[in-house]
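# Structural characterization, general
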Amino acid sequence: DEGDATNLWLVGTSELRCRRKRVASEEEKAPLEKAPYFLVDDEFAAFLKAEENRYAALQKRFGGGEMDTSPTGDVVASAPSLRNAADRLNHTKIPEDYVKFHEAGAQMLSFYRKEIVPWTL
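Only a predicted model underlies this, so the values are computations on that prediction, with no experimental measurement involved.

### Side note on the side chain of S110
Looking at where S110 falls in the secondary structure, it is placed in helix α3 (residues 96-120). Owing to a relative accessible area of 10%, S110 belongs among the buried residues under this scheme. Ignoring anything within four residues of it in the chain, the contact list for S110 reads D74 and V75.

### A word on the pattern of salt bridges
Counted by the stated rule, this structure contains four salt bridges. As a salt-bridge pair, R54 and E51 come within 3.4 Å of each other at their nearest N and O atoms. Linking R54 with E51, this pair stays in helix α1 (residues 41-62), spanning three residues, or about one helical turn. Residue R54 is classed as partly exposed on the basis of its relative accessible area, which comes to 32%. For E51, a relative accessible area of 26% puts it in the partly exposed group.

### Observations concerning α3
Over its 25 residues, α3 runs 35 Å from end to end, which matches the ideal 36 Å to within 8%, given 1.5 Å per residue. Remark: the principal bend of α3, roughly 35°, maps to R113. Those residues of α3 lying buried are Y98, H102, G105, A106 and S110. Elements that come into contact with the buried residues of α3 comprise α1, β1 (67-69) and β2 (75-77).

### Details of the side chain of D87
Relative to the helices and strands, D87 is located in helix α2 (residues 85-89). D87 has contacts with R61, F62, L82 and T92, leaving out every residue within four places of it along the chain.

Rules of the game
Residues numbered from 1 in each chain as written. Predicted model: local features only at pLDDT ≥ 70, side-chain atom pairs only at ≥ 80, totals over all residues. Heavy atoms only, no water. Helix = DSSP H or I, 4+ residues; strand = E, 2+ residues; numbered from the N terminus. Buried < 20%, exposed > 50% of the residue type's maximum accessible area, 1.4 Å probe, protein only. Contact = heavy atoms within 4.5 Å. Salt bridge = Lys/Arg side-chain N within 4 Å of Asp/Glu carboxyl O. Expected span 1.5 Å × (residues − 1). Bend = angle between axes of the 7 residues up to and from the residue.

By themselves, these figures tell us nothing about what the structure is for.
Right, dumping it as structure tokens:
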């Protein structure tokens with residue numbers, strides 16, 4: 001709204017669609033019940049802990065993920081690799097989600113350093 005100097009930035013929106021909001025009648029404005037909560041905290045915490053343990057084991061086994069800054073200023077993560085002979089002989093494949101995990105981490109850190117840090121100085 002230009003009247004109160006509020007700005008709205010839409011970042012990363014490629015297929016934004018707008019439509020008019022239908023005005024609800026008085027009958028439809030009945031008080032809403034509490035929204036259902038589908039997430040069970042204990043189960044979610046157990047899932048997160050299991051994933052943290054899994055990634056820690058993958059880090060131990062395959063390494064990778066050490067962040068470094070390239071000459072262009074981008075953040076890059078070292079790639080995981082087969083560290084032991086048994087993995088190489090068995091043609092072990094590094095899980096794709098583990099590789100993506102490090103790629104995404106490097107992209108997020110690069111974005112933070114380029115876009116967020118300058119505004120905090």
